[in-house]
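Chain and residue survey
Each chain, written out:
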Amino acid sequence: PQFSNFRLSVTTNQIKGPRDGGDFYGVVLRSTQEQSRYYLFEINPFTGQYEFQRFDGSWLNLGNGAAPSIQTAAGQTNIFVEVVGNSFTFRINGVPVRTRAFTDTLSSPFKTGEVGLSVEENNVEVAFSNMVITQLS
């Protein structure tokens, strides 16, 4: 299905892999079916970092930094996303990653698309569970 304005929550747990700086994983937002453009929000529980990026043939970093609420030991992390228009709000374990929403300020923000899950590094296995998507008007 195509989503425009929505809330998403998912529980993540890295269960296999090297547990190093390359272990980013998370959610894909507003993707085209062929994955030629999308937003990507991902975390690294072992460094306590997050990244929010836009892809449309090349990468544009929309935000990154430390998120103290990420569980840095092996375990579960809950990701919550709210997407309304070109505004994105992210919470990790109930705590906002920053005080204001992220905004895609380019002239053509992606307005609708599919939702997916992402694991970046080879030989990493992540369990995603309890994913709930609620469409907003």
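As shown above, the structure is provided for reference.
Here is a short report on the structure shown in this document. (Residues numbered from 1 in each chain as written. Predicted model: local features only at pLDDT ≥ 70, side-chain atom pairs only at ≥ 80, totals over all residues. Heavy atoms only, no water.)

**Remarks on the overall build of the protein chain**
Along the protein chain, the regular secondary structure elements total zero helices and 11 strands. In the protein chain, the succession of α and β elements from N to C terminus is β-β-β-β-β-β-β-β-β-β-β. The C-alpha radius of gyration of the protein chain comes to 14 Å, within 12% of the 14 Å expected for a compact globule of 137 residues. Viewed in the frame of its principal axes, the protein chain has a C-alpha envelope of about 40 × 30 × 25 Å. Per-residue burial for the protein chain yields a buried fraction of 40% across its 137 residues. Partitioning the contacts of the protein chain with sequence separation of at least 6, the portion at a separation of at least 24 is 61%. For the protein chain, the accessible surface area stands at approximately 6900 Å², while carbon and sulfur atoms represent 47% of it. Positive and negative side-chain charges of the protein chain, numbering 10 and 12 respectively, have mean locations separated by a distance of 10 Å. (Helix = DSSP H or I, 4+ residues; strand = E, 2+ residues; numbered from the N terminus. Rg over C-alpha atoms; globule rule 2.2 N^0.38 Å. Buried < 20%, exposed > 50% of the residue type's maximum accessible area, 1.4 Å probe, protein only. Contact = heavy atoms within 4.5 Å. Areas by Shrake-Rupley, 256 points an atom, 1.4 Å probe, with all protein chains shown as cover. Lys, Arg positive; Asp, Glu negative; His and termini not counted. Charge placed at Lys NZ, Arg CZ, Asp CG, Glu CD.)

**Brief notes about the pairing of strand E7 (residues 87–92)**
What you see with E7 is a clean split: Phe88, Phe90 and Ile92 sit on the buried side and Ser87, Thr89 and Arg91 on the side with no burial. Counted between consecutive antiparallel strands, the loop separating strand E6 (residues 76–84) from E7 contains two residues, among which glycine 85 sits at a positive phi close to 60 degrees. Relative to strand E9 (residues 102–103), E7 is paired through two bridges, and the arrangement is antiparallel. By the bridge assignment for E9, serine 87 is matched with threonine 103. Relative to strand E8 (residues 95–96), E7 runs antiparallel, the two being bridged by two bridges. (Pairing = 2+ DSSP bridges.)

**Notes on the pattern of salt bridges**
Applying the stated criterion across every chain yields a total of three salt bridges. Ionic pairing is found between arginine 7 and glutamate 82, a salt bridge with its closest N-O pair at 2.6 Å. Of this pair, arginine 7 sits in strand E1 (residues 6–16) while glutamate 82 sits in strand E6, placing them 75 residues apart in sequence. On the accessibility criterion, glutamate 82 (22% relative accessible area) is partly exposed. The partner of aspartate 56 in a salt bridge is arginine 54, with the nearest N and O atoms 3.3 Å apart. (Salt bridge = Lys/Arg side-chain N within 4 Å of Asp/Glu carboxyl O.)

**What to know about the side chain of aspartate 104**
By the element assignment, aspartate 104 lies in the loop between E9 and strand E10 (114–119). On the accessibility criterion, aspartate 104 (1% relative accessible area) is buried. Engagement of the side chain of aspartate 104 in a polar contact is seen with the side chain of tyrosine 39, the distance being 2.4 Å. Ignoring sequence-local partners within four residues, the contact set of aspartate 104 consists of Tyr39, Arg54, Asn86, Phe88, Pro109 and Phe110. (Polar contact = N/O pair within 3.5 Å; in protein donor to acceptor, adjacent residues only side chain to side chain.)

**What about the side chain of glutamine 14?**
Tracing the backbone shows glutamine 14 in strand E1. A polar atom in the side chain of glutamine 14 sits 3.4 Å from the backbone oxygen of lysine 16. A distance of 2.9 Å separates polar atoms of two side chains, one belonging to glutamine 14 and the other to aspartate 23. Those residues in contact with glutamine 14, other than ones at most four positions away along the chain, are Arg19, Asp23, Tyr25, Phe46, Gly75, Val124, Glu125 and Val126.

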